[in-house]
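Below, each chain spelled out in residue letters.
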Amino acid sequence: MMGASHPHELVQRSIELGYSSLGISDFDGVYGIARAYRDLQALKKDDHQASLRLMYGAELHLEKDHDLPLLLQKTLILYALNHQGYFNLCRLITHCHRDGKAYGNLPLEHLLSSPVDGLMVIQPMRGVIRFSQYQDQNALRKYFKPLVDHFSGRFYFAVSRLLHQAEDRWIPNVLELSRFFKTPYLPTQDAFFARRQDKVISDLLHAIRHNLTLDEVSDQLFVNSHRSLHSLSALNRLYSDIPGIKSALKHSNHLTTAFSFDLDQLSYHYPREMLPEGYTPQTYLEEQVWVFAKDRFGDQIPEGLIKLIRHELKLVAQLKFADYFLTVWDIVTWARKQDILCQGRGSAANSAICYVLNITSINPDHFDLLFERFISVERGDPPDIDVDFENARREEVIQYIYQRYGRKRAAMVCNVITFKPRGAIRFVGKALGIPEKIIDHTAKSIKGLSFRANSIHESIAFIQENHSSHLDPDNSMGHQWDLWAQLAEKVLLFPRFLGVHSGGFMLAEKDIDWLIPQEPATMPGRTVIQWSK
């Protein structure tokens, strides 16, 4: 909840402004980059002229100082130049969360002893730059020297002009550091929202994050709305009189060409523990399918089932999904040996392969079921074999998977919990300082309204009209009713926290950090990746 715009809003605004590239970074994770990538691909389909490139990174806390004002938090922004850099970034992020979900942090000593090939780093014009103990240039130089050396020419200081004395007073210090270390500075917007009018959402989310009212956090809010995306002409005006700007812009443009990584370079392979030596996933799957078919039917395998199996195996080979079937089969086989009740369901019931391997119990040959509903060349998506395990023993299966494949190669899929209407009403009401009695009554009344409201605004308007006489007899709320409704609508679908997909697992042939970082779940003994299903 640090940013006040969704990934698609940042991507859309960047295209509108004619940007050639955009850096995307979350705090202590890569939670939003997959959405940004997906949104950009969708926009490019509609606008073939769009040429925006995304650069992927994360802003990492170096200490557990998350409760301090944002401008005083000790952070560094790391961007992946290539796939090796992305892997190193993911490993650092995973280490950030070694002690739990909250307060992810990467000790400076660990960063300085870790591989950083393929990574560039930016010191924002926040954090240590503003610490009182570092106002002496010698102290700043001593602090930054190990970082500058460790990143070997890939360490940069950010200059962000925000047209406010409290912000721009730090520019001379940054320029002096840049000159001392002979490293170009980077002019950056340090944007936290797409458009200037989104500043109100930024303030609101900041108050919600700290569970305080806007008045109580007023000294921690951004001083103006300039932490948004600006037009290219506005940027030229903003930075034109900063010393060395022409050289800085030239270097910045050159730097963007050094980024070769994109998410479409990520490839995924299932584990191969179950493969005997000398087998490929496809040959082993084919062998086991016919062995199990013979065990079930003897020498009298129905002709219709034989045709289905051959057809399915051909498609599985074409789409290279054999290792997925083997992975699910391995887990189900173990569960049945432990007398754990389990049953495949959904479109997997259309599969003859799943049937003969005892993953499902329905013979598709008896019901003329269409396998292409489960897998098709046209869709090309991996199949989704849903298996239900008895609730009382599901945790045994989860821990078996962790034990079988190891924590570095197995993690559960997260579920992003977003603001829903009742939660939005409560949190926004608290931030606005609305009396708890009114908040509580309004939130509880939402589901029980006698009419079908199409929006939070309609719901609150109904309650104001019909209940304000006893909730707010002196009309102290005034126009706050409308403001409350408008802002509650705006925070809908913003993420609140990460949950765990009840049965979704990612299993990989090599460390998951090649694909995405992971962090501990709230429930002990579980870890989750930072992307949702």
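Everything below is about the structure shown above.
Report follows, based on the coordinates. Keep in mind the model is a prediction, meaning the values are calculated, not measured.

Here Ser152, not a glycine, exhibits a phi torsion of approximately 45°, which is positive. Take Ser152: it is sitting in the loop between helix H5 (137-150) and strand E5 (155-159). Judged by its relative accessible area of 52%, Ser152 falls in the exposed class. For Asn358, which is not glycine, the phi dihedral falls at a positive 65°. Take Asn358: it is sitting in the loop between helix H14 (352-356) and helix H15 (364-367).

This part takes up the packing of H5 against helix H7 (residues 171-181). Packing of H5 against H7 brings their axes to within 11 Å, and their N-to-C directions diverge by 55°. As the angle between them shows, H5 and H7 are arranged oblique. For the element pair H5 and H7, the recorded crossing hand is right-handed. For the pair formed by H5 and H7, the contact residues are Gln137, Leu140, Arg141, Phe144, Lys145 and Val148 on the first element and Asn173, Glu176, Leu177, Phe180 and Phe181 on the second. Residues belonging to the contact of H5 with H7 are distributed by class as follows: six nonpolar, two polar and three charged.

Next up on the list: the environment of Ile516. With respect to the helices and strands, Ile516 occurs in the loop between strand E10 (495-507) and strand E11 (518-520). On the basis of relative accessible area, Ile516 is assigned to the buried category, the value being 0%. Here the alpha-carbon distance between Ile516 and Leu266, two residues 250 residues apart in the chain, equals 9.6 Å. In this view, Ile516 contacts Val30, Tyr86, Cys90, Met506, Ile529, Gln530 and Trp531; residues no more than four positions away in its chain are not counted.

Looking now at the sheet that holds E10. Reading across the sheet, the four strands line up as E10-E9-E12-E11 and stay open at both edges, with mixed pairing between neighbours. The open sheet has two edge strands with one neighbour each: E10 and E11. Adjacent strand axes in the sheet meet at a mean angle of 45° when their direction is disregarded. When strand E9 (residues 410-418) meets E10, the two strands line up antiparallel, connected through eight bridges. Residue pairing in the sheet places Thr418 in a bridge with Pro495 of E10.

Here we take up the pattern of salt bridges. One pass over the structure, following the stated rule, counts 26 salt bridges. For Asp39, the salt bridge identified is with Arg38, shortest N-O distance 3.7 Å. Looking at Asp39, the relative accessible area reads 14%, which means it is buried. A salt bridge links Asp386 to Arg345, with the shortest nitrogen-to-oxygen separation between them at 3.9 Å. Pair noted here: Asp386 is in strand E8 (residues 386-389) and Arg345 is in strand E7 (residues 342-345), with a separation of 41 residues, a long-range link. Since its relative accessible area comes to 24%, Asp386 is described here as partly exposed. What emerges from the salt-bridge pattern is a single network uniting Glu59, Arg126, Arg130, Glu167, Asp190 and Arg227.

The next thing to look at is the environment of Thr360. Summarising the element assignment, Thr360 is placed in the loop between H14 and H15. Taking the C-alpha atoms as reference points, Thr360 and Gly298, separated by 62 residues in sequence, lie 19 Å from one another. Dropping the residues within four chain positions of it, Thr360 is found in contact with Gln343, Gly344, Arg345, Ala348, Ala349, Ser351, Cys354 and Tyr355. Side-chain polar atoms of Thr360 contact the backbone nitrogen of Tyr355, separated by 3.4 Å.

The subject of this paragraph is helix H3 (residues 83-96). With 14 residues, H3 should reach 20 Å at 1.5 Å per residue; the first-to-last C-alpha distance of 20 Å fits that figure. Looking at H3, one finds that the buried residues are Gly85, Tyr86, Phe87, Asn88, Leu89, Cys90, Leu92, Ile93 and Cys96. Packed against the buried residues of H3 are helix H2 (33-46), strand E2 (53-61), strand E3 (75-80), helix H4 (108-112), strand E4 (119-123) and strand E12 (527-532). Backbone nitrogen of Gln84 and a side-chain oxygen of the N-cap are separated by 3.3 Å at the start of H3; the cap is Asn82.

The next thing to look at is the sheet that holds strand E6 (residues 185-187). Strand order in the open sheet formed by six strands is E1-E2-E3-E4-E5-E6, with mixed pairing between adjacent strands. Strand pairing shows two members of the sheet lacking a second neighbour, strand E1 (21-27) and E6, which therefore form its edges. Ignoring strand direction, the axes of neighbouring strands in this sheet form an average angle of 35°. In the packing of H7 onto the sheet, contacts are made with E5 and E6, and the angle to E5 comes to roughly 155°.

Here the focus is empty space enclosed by the protein. Tallying each qualifying case throughout the model produces one cavity of 30 Å³ or more. Quantified by volume, the largest cavity comes out at close to 80 Å³. In terms of lining, the largest cavity is formed by Met2, Leu70, Ser202, Asp203, His206, Arg209, Gln220, Leu221 and Phe222. Looking at the lining of the largest cavity residue by residue, the classes come out as four nonpolar, three polar and two charged.

Our focus in this paragraph is the packing of aromatic side chains. To describe a pair of aromatic rings, one takes the distance between the centres and the angle between the planes. Across all of its chains, the model carries 25 aromatic pairs by this definition. Here the aromatic rings of Tyr56 and Phe261 are separated by 5.9 Å at their centres, their planes lie at 80°, and the arrangement is edge-to-face. Taken as a pair, Tyr56 in strand E2 and Phe261 in the loop between helix H10 (245-256) and helix H11 (281-297) lie far apart in primary sequence, 205 residues in all. When sorted by exposure, Tyr56 lands in the same class as Phe261, which is buried. Taken together, a centroid distance of 4.9 Å and an interplanar angle of 80° make the contact between Tyr268 and Tyr270 edge-to-face. In this structure Tyr268 comes out as partly exposed when scored by relative accessible area, which is 30%. Here a set of aromatic residues connected by ring pairs shows up, and it is made of Phe131, Tyr134, Tyr143, Phe144, Phe155, Phe157, Phe180 and Phe181. Positioned over the ring face of Trp170 is Arg169, at 4.3 Å from the centre of the ring. Positioned above the aromatic ring of Tyr402, the side-chain terminus of Arg407 is 3.7 Å from the ring centre.

The rules behind the values
Residues numbered from 1 in each chain as written. Predicted model: local features only at pLDDT ≥ 70, side-chain atom pairs only at ≥ 80, totals over all residues. Heavy atoms only, no water. Helix = DSSP H or I, 4+ residues; strand = E, 2+ residues; numbered from the N terminus. Buried < 20%, exposed > 50% of the residue type's maximum accessible area, 1.4 Å probe, protein only. Axes fitted to C-alpha atoms, helices over the stretch in contact; angles between N-to-C directions. Parallel < 35°, antiparallel > 145°, perpendicular 65-115°, else oblique. Left-handed = near helix turned anticlockwise from the far one by under 90°. Contact = heavy atoms within 4.5 Å. Nonpolar A, V, L, I, M, F, W, Y, C, P; charged D, E, K, R; others polar. Pairing = 2+ DSSP bridges. Salt bridge = Lys/Arg side-chain N within 4 Å of Asp/Glu carboxyl O. Polar contact = N/O pair within 3.5 Å; in protein donor to acceptor, adjacent residues only side chain to side chain. Expected span 1.5 Å × (residues − 1). 1 Å grid on protein atoms, 1.4 Å probe; cavity = no way out; pocket = protein on both sides within 12 Å on 5 of 7 lines; lining within 4 Å. Points joined across faces, edges and corners; volume = space filled by probe spheres on them. Phe/Tyr/Trp six-rings, centres within 6.5 Å; stacked < 30°, edge-to-face > 60°. Lys NZ or Arg CZ within 6 Å of the ring centre and 35° of its normal.

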